[in-house]
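Chain by chain, the residues run as shown.
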Amino acid sequence: MTATIEAPASQPIADMETDSLIGNFPEGQRLVGSQCNACGCTMIGSRVVCSSCISRDVSRVALPSTGVLYSFTRIHVGAEGIRPLGYVDLDNGVRTLADIHEGDIPLRPDMRVELDVKDDWFFAPAASDKREV
Amino acid sequence: MGDNVFVISAAMIPFGKYRTSSYVGLAVSPLIDAIRNAGIEKSDVDAVYVGHSYGGMMTGQRICKEIGLGTVPTVNVDNACSSGATAVHEAWQAISQGLIDVAVVIGVEKLTQFGGGTLPLSPEDREVKQGIIMPAVYAMRATRYLHDTEATPEDLALVSVKARKHGALNPFAQFRKEITVEEVLNARPIADPLTLPMCCPTGDGAAVVILASERARKRFESKPAIRVAASVLHSGHVAEGFRDMTKPEITYDSARDAYALAGIGPKDLDMIELHDAFSIAELIYYEALGLAEPGHAVDLLRDGKTTFGGDVVVNPSGGLLAKGHPVGASGVAQIAEAFWQLTDQAGARQIDDARWAMTHVTGGGTAGLDHGACTIHIFEAA
């Protein structure tokens, strides 16, 4: 009998187990990100494959709680009433979609925003201009 | 370069709400009309390509069996709003490579099955779970564009005014009444700064085109035809961080490739049917398609350069804003409009001496991508 090579079985990824974007970290509640240990690419959410270099060596990391509002809208349709939603470019460059809470300052693109967690998580105009990376 | 490919026939139903018609009911009439108009027999058809997004299993086969069109390969294509144009691209590939001579392409969608509201998106998508809807994507594009340029909400309204004006001339359009800037701005808000008339209506539709090789076209010589000068399909590329939503790279890249294939530039075009799902899209795509420098699309719009009598008529059919946007059908309907315009069959909305036409349709809201797909075609009067 000759030696044979057995093809390894590929395994599915259990990506439906962890789909929450908010998590507990030593620095507090933060958005969940993933960082590739091979190329350094940082991504939003719990990921197991790097979308840049396809390495599977990916670690769960806390994302910065501050960033810049790239753009926003207020959605008027749907069951939830008027819902402000925007894209936030976090201080490490990762972009996330987020609910935006409006305070006294009118929302505008490029304004600094920061994460807040109450019943749910959202971003609101930042109290200070400080950056967190 | 492969063999020359021609569109030799087009047919469609007026887009609208047909609650008592199924996918089969929507598509069978234009399918028969397109075959008859081409002057071909069922037996001349070598393959069928069907674009749809929500039709379910074997949509194409369900339609074709009603007229006894079978045996040949039937391919169902889902690429969201780009489904129909992707089906045309597949047919073009097969013919240009000399694999087949005649292909029927059906684009069909029945959005009234959802009872109204925004398009259902994939519940697996991260941003869909967070509550993204297509109007919000375009609304954020609009917010940023208004922030970065001299454009105003009145310009967004003016796009809808132009679309309705064109649609009023088109018996295939869902909206056939003109509208004013004030009416658009005062209408119900959908996602700021977009109001209802700045959003394409949902509805049902079906359109059919028939593509043929040069050899086959000569066989059915008596019929009008247009040449496919370029057919380009791109998919989106992920960005984990910053993306400039006012410069959609998938359309810039597809346009670059389409112009190179056709050997023409934007100034040569007589008409464009572009993906104006929301009014901001038209402005952004003027720039992506090379009609205007970034930030200067409004100059073309305000000066009337993109309506009848202008440099290039954009969306002579009324576009998605007036004609409607049954997603899988839209890309094929755009090509039907190009066919009618370039063969002098467009009636009241006919563009004088039209020789070159472009159709452009993007598809899909997917986290991390500008769009999932983009298909651009360029046609030349034959």
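First, a word on scope: everything that follows refers to the structure included in this document.

**Brief notes about the overall build of chain A**
Right, so step 1: A count of helices and strands for chain A gives 0 helices and 9 strands.
Right, so step 2: Taken from N to C terminus, the helices and strands of chain A fall in the order β-β-β-β-β-β-β-β-β.
Right, so step 3: Against the globule reference of 14 Å for 133 residues, chain A gives a C-alpha radius of gyration of 19 Å, more extended than a compact globule.
Right, so step 4: Its C-alpha atoms give chain A principal-axis dimensions of roughly 80 × 35 × 25 Å.
Right, so step 5: Among the 133 residues that make up chain A, the fraction classed as buried is 44%.
Right, so step 6: Only carbon and sulfur atoms are counted for the fraction: they give 51% of the accessible area of chain A, which is about 7,700 Å².

**Concerning the interface of chain A and chain B**
Right, so step 1: The partner chain B presents 27 residues to the 31 residues of chain A that form the contact.
Right, so step 2: In this assembly, chain A packs against chain B so that about 2,400 Å² is buried in total across both faces, 55% of it on carbon and sulfur atoms.
Right, so step 3: There are 3 salt bridges connecting chain A and chain B.
Right, so step 4: Across the pair A:Asp110 and B:Arg144 runs a salt bridge, and its minimum N-O distance is 2.8 Å.
Right, so step 5: Looking at the side of chain A that touches chain B, the elements that each hand over two or more residues are strand S3 (42–44), strand S5 (66–75), strand S6 (83–90) and strand S7 (95–99) of chain A.
Right, so step 6: Take the side of chain A that touches chain B: its biggest share by element is 7 residues, from S5(A).
Right, so step 7: Class assignment of the residues belonging to the side of chain A that touches chain B gives a composition of 16 nonpolar, 8 polar and 7 charged.

**Here we look at the side chain of B:Gln334**
Residues and elements named next belong to chain B.
Right, so step 1: Among the secondary structure elements, Gln334 is positioned in helix H13 (residues 327–342).
Right, so step 2: For Gln334, a relative accessible area of 1% puts it in the buried group.
Right, so step 3: A polar side-chain atom of Gln334 sits 3.1 Å from the main-chain carbonyl oxygen of His360.
Right, so step 4: With residues near it in sequence (within four places) discarded, Gln334 still touches Glu273, Leu274, His275, Lys323, Thr359, His360 and Val361.

**Here we look at the packing of helix H9 (residues 249–262) of chain B against helix H10 (residues 279–288) of chain B**
Residue and element names in this part refer to chain B.
Right, so step 1: Contact pair H9 / H10: the axes reach a minimum separation of 9 Å and the direction vectors enclose 45°. Judged by the angle between their axes, H9 and H10 are oblique. Helix-helix and strand crossings are classified by hand; for H9 and H10 the assignment is right-handed. Residue-level inspection shows Thr251, Tyr252 and Ala255 of H9 in contact with H10, the latter providing Tyr285, Glu287 and Ala288.
Right, so step 2: Partitioning the contact of H9 with H10 into residue classes produces 4 nonpolar, 1 polar and 1 charged.

**What to know about the environment of A:Val49**
Residue and element names in this part refer to chain A.
Right, so step 1: Considering the arrangement of structural elements, one finds Val49 in the loop between S3 and strand S4 (58–62).
Right, so step 2: Considering only alpha carbons, one finds Val49 and Cys36, 13 residues apart in sequence, at a separation of 7.9 Å.
Right, so step 3: Val49 has contacts with Ile13, Met43, Ile54, Ser55, Arg56 and Val58, leaving out every residue within four places of it along the chain.

**Focus on the side chain of B:Ser279**
Right, so step 1: Here B:Ser279 lies in helix H10.
Right, so step 2: In this structure B:Ser279 touches B:Leu156, B:Val159, B:Ser160, B:Leu194, B:Met198 and B:Leu321, once residues within four positions along its chain are discounted.

**Thoughts on H10(B)**
Residues and elements named next belong to chain B.
Right, so step 1: With 10 of its 10 residues buried, H10 lies for the most part within the structure.
Right, so step 2: Looking at H10, one finds that the buried residues are Ser279, Ile280, Ala281, Glu282, Leu283, Ile284, Tyr285, Tyr286, Glu287 and Ala288.
Right, so step 3: Directly after H10, the chain includes Gly290, whose backbone phi takes a positive value near 85°.

The rules behind the values
Residues numbered from 1 in each chain as written. Chains lettered and ligands numbered in written order. Predicted model: local features only at pLDDT ≥ 70, side-chain atom pairs only at ≥ 80, totals over all residues. Heavy atoms only, no water. Helix = DSSP H or I, 4+ residues; strand = E, 2+ residues; numbered from the N terminus. Rg over C-alpha atoms; globule rule 2.2 N^0.38 Å. Buried < 20%, exposed > 50% of the residue type's maximum accessible area, 1.4 Å probe, protein only. Areas by Shrake-Rupley, 256 points an atom, 1.4 Å probe, with all protein chains shown as cover. Contact = heavy atoms within 4.5 Å. Buried area = accessible area lost by both parts, 1.4 Å probe. Salt bridge = Lys/Arg side-chain N within 4 Å of Asp/Glu carboxyl O. Nonpolar A, V, L, I, M, F, W, Y, C, P; charged D, E, K, R; others polar. Polar contact = N/O pair within 3.5 Å; in protein donor to acceptor, adjacent residues only side chain to side chain. Axes fitted to C-alpha atoms, helices over the stretch in contact; angles between N-to-C directions. Parallel < 35°, antiparallel > 145°, perpendicular 65-115°, else oblique. Left-handed = near helix turned anticlockwise from the far one by under 90°.

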